[in-house]
Amino acid sequence: MDVSEHTLVPEHSLMDEADLDEVLAEYDIKRTDLPKIKRTDPALPDEAEVGDVVKIVRDSRTTDRAIVYRLVIE
């Protein structure tokens, strides 16, 4: 069974460098300041590599949807 296809797993997508630069500038942080996610996490896209940043879009009761970012680590 592919865990990433389960209805309770939020959407995970890799960010391209241009979009990532905008997010980092908006929050005035570095890539390494982001929360981490392990490369072995089954919800990650197959093409995710160490050092990539993943955008996760979750359902939220207060804001309809919440967007969080995670740095892929070993």
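Residues numbered from 1 in each chain as written. Predicted model: local features only at pLDDT ≥ 70, side-chain atom pairs only at ≥ 80, totals over all residues. Heavy atoms only, no water.

With that out of the way, let us pick up the environment of Ser4. Among the secondary structure elements, Ser4 is positioned in the segment before β1 (11–14). Spatially, the C-alpha atoms of Ser4 and Asp21 are 26 Å apart, while their sequence positions differ by 17 residues. Each residue touching Ser4, except ones within four places of it in the same chain, is listed here: Val9, Pro42 and Ala43. (Helix = DSSP H or I, 4+ residues; strand = E, 2+ residues; numbered from the N terminus. Contact = heavy atoms within 4.5 Å.)

So, about a negative patch on the surface. A cluster of like negative charges, contributed by Asp16, Asp19, Asp21, Glu22 and Glu26, occupies part of the molecular surface. Looking at the secondary structure, you find Asp16 in the loop between β1 and α1 (17–27). Since its relative accessible area comes to 43%, Asp16 is described here as partly exposed. (Patch = residues over 30% accessible without salt bridge, like charges linked within 9 Å, V, L, I, M, F, W, Y side chains within 5 Å. Areas by Shrake-Rupley, 256 points an atom, 1.4 Å probe, with all protein chains shown as cover. Salt bridge = Lys/Arg side-chain N within 4 Å of Asp/Glu carboxyl O. Lys, Arg positive; Asp, Glu negative; His and termini not counted. Charge placed at Lys NZ, Arg CZ, Asp CG, Glu CD. Buried < 20%, exposed > 50% of the residue type's maximum accessible area, 1.4 Å probe, protein only.)

Moving on, we come to the nonpolar core. Met15, Leu20, Val23, Leu24, Leu34, Val53, Tyr69 and Leu71 form the largest nonpolar core, which has eight residues in total. Among the secondary structure elements, those contributing two or more residues to this core are α1 and β4 (64–73). Setting aside its immediate chain neighbours within four residues, Val53 contacts Ser13, Leu14, Met15, Leu20, Arg31, Leu34, Tyr69, Arg70 and Leu71. With seven residues, the next largest nonpolar core counts Ile37, Leu44, Val54 and Val72 among its residues. (Core = buried A, V, L, I, M, F, W, Y, C linked by side-chain atoms within 4.5 Å.)

What follows covers the confidence of the model for the protein chain. Looking at the protein chain as a whole, the pLDDT averages 91, with 99% of positions reaching at least 70. Within the protein chain, no element has a lower average pLDDT than β1, which sits at 92, and none a higher one than strand β2 (residues 36–38), at 96. (pLDDT = per-residue confidence, 0-100.)

Our focus in this paragraph is the sheet that holds β4. Across the sheet, which stays open at both edges, the four strands sit in the order β1-β3-β4-β2 with mixed pairing between neighbours. With partners counted over all chains shown, the strands left at the sheet margins are β1 and β2, one partner each. Between one strand and the next, the sheet's axes are offset by a mean angle of 40°, whatever the strand orientation. (Pairing = 2+ DSSP bridges. Axes fitted to C-alpha atoms, helices over the stretch in contact; angles between N-to-C directions.)

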